[in-house]
Amino acid sequence: MKEFSLRPHHALRAQGHPGPAGNERDATSYVDQVFITFDMDGDGYIDFVEYIAAVSLMLKGEINQKLKWYFKLFDQDGNGKIDKDELETIFTAIQDITRNRDVLPEEIVALIFEKVDVKGEGELTLEEFIEGAKGHHDIMDMLKNLMDLTPVLSIIVEARIAKTKK
Ligand SMILES: [Ca+2]
Ligand SMILES: [Ca+2]
Ligand SMILES: [Ca+2]
């Protein structure tokens with residue numbers, strides 16, 4: 001898991017991509033995380049089919065499917081729960097990439113946990129996350145705005161194309 005998560009990182013470096021501004025480490029691990037989520041057969045590459053599947057999922061996927069996809073992306077250590085650090089890291093990284101800084105990551109995280117973490121354990125299960133997002137339009141809108149992954153996708157796809165051409 002660890003080794004192969006480094007591949008997209010190397011691909012970006014090899015291509016001489018300047019990388020996202022701001023907290024580069026977080027942004028890079030976010031790209032890694034996106035990469036892992038899209039690399040459905042786990043061979044370390046995003047192939048054309050995986051790319052299309054990911055894009056079509058984002059564009060017209062059923063809402064439960066999208067939320068599951070977000071959850072998988074946010075749950076960085078893969079323990080089946082999202083904690084505040086994971087959520088804040090991912091939102092900070094997304095803002096570094098998308099240059100969307102309308103809301104502070106800490107505020108987004110606080111708002112989401114306040115409304116969604118019903119038992120207040122400081123962790124979100126998949127059920128809480130899905131029910132919470134569906135039950136709160138403001139959270140859903142925020143997720144949609146933040147999760148416009150088009151810039152990240154182009155980075156990944158460019159890196160993949162550059163690699164293929166070698
Ligand atoms: Ca693959
Ligand atoms: Ca986790
Ligand atoms: Ca909870």
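On a predicted model such as this, the values are computed, not experimentally measured, just so you know.

Tallying secondary structure elements over the chain gives 10 helices and 2 strands in all. Element order for the chain, N to C, with α for helix and β for strand: α-α-α-α-α-β-α-α-β-α-α-α. Put simply, the chain has 166 residues, and 31% of those count as buried. Taking contacts inside the chain between residues at least 6 apart in sequence as the whole, the part at least 24 apart equals 61%.

Where helix H8 (residues 126-135) is concerned, the buried positions are Glu128, Phe129, Gly132 and Ala133. Buried residues along H8 cover an arc of 115° about the axis, so they all sit on one side. Turned more than 90 degrees away from the buried face of H8 sit Glu127 and Gly135, all of them exposed.

What follows is about the UniProt feature "domain: EF-hand" (unreviewed entry) in the chain. UniProt's feature table lists "domain: EF-hand" (unreviewed entry) at residues 26-61, 62-97 and 104-139, given in the numbering used throughout. Secondary structure across residues 26-61 divides into 72% helix and 0% strand, with the first and last C-alpha atoms of the span separated by 27 Å. Counting secondary structure, residues 62-97 comes out at 72% helix and 8% strand; the distance between its end C-alpha atoms is 25 Å.

Among the secondary structure elements, Leu73 is positioned in helix H5 (residues 63-74). Distance in space between the C-alpha atoms of Leu73 and Asp32 is 9.9 Å, their sequence separation being 41 residues. The contacts of Leu73, once residues within four sequence positions are left out, are Gln33, Val34, Thr37 and Ile90.

Relative to the elements of secondary structure, Val157 occurs in helix H10 (residues 150-165). Given 14 C-beta atoms within 10 Å, Val157 falls into the partly exposed group. Sequence separation of Val157 and Asp47 is 110 residues, and the distance between their C-alpha atoms is 9.1 Å.

Rules behind the numbers
Residues numbered from 1 in each chain as written. Chains lettered and ligands numbered in written order. Predicted model: local features only at pLDDT ≥ 70, side-chain atom pairs only at ≥ 80, totals over all residues. Helix = DSSP H or I, 4+ residues; strand = E, 2+ residues; numbered from the N terminus. Buried ≥ 20, exposed ≤ 12 C-beta atoms within 10 Å, placed from the backbone. Contact = placed C-beta atoms within 7 Å. Arc of directions from axis to C-beta. UniProt positions renumbered as here; feature names shortened; annotations may be inferred.

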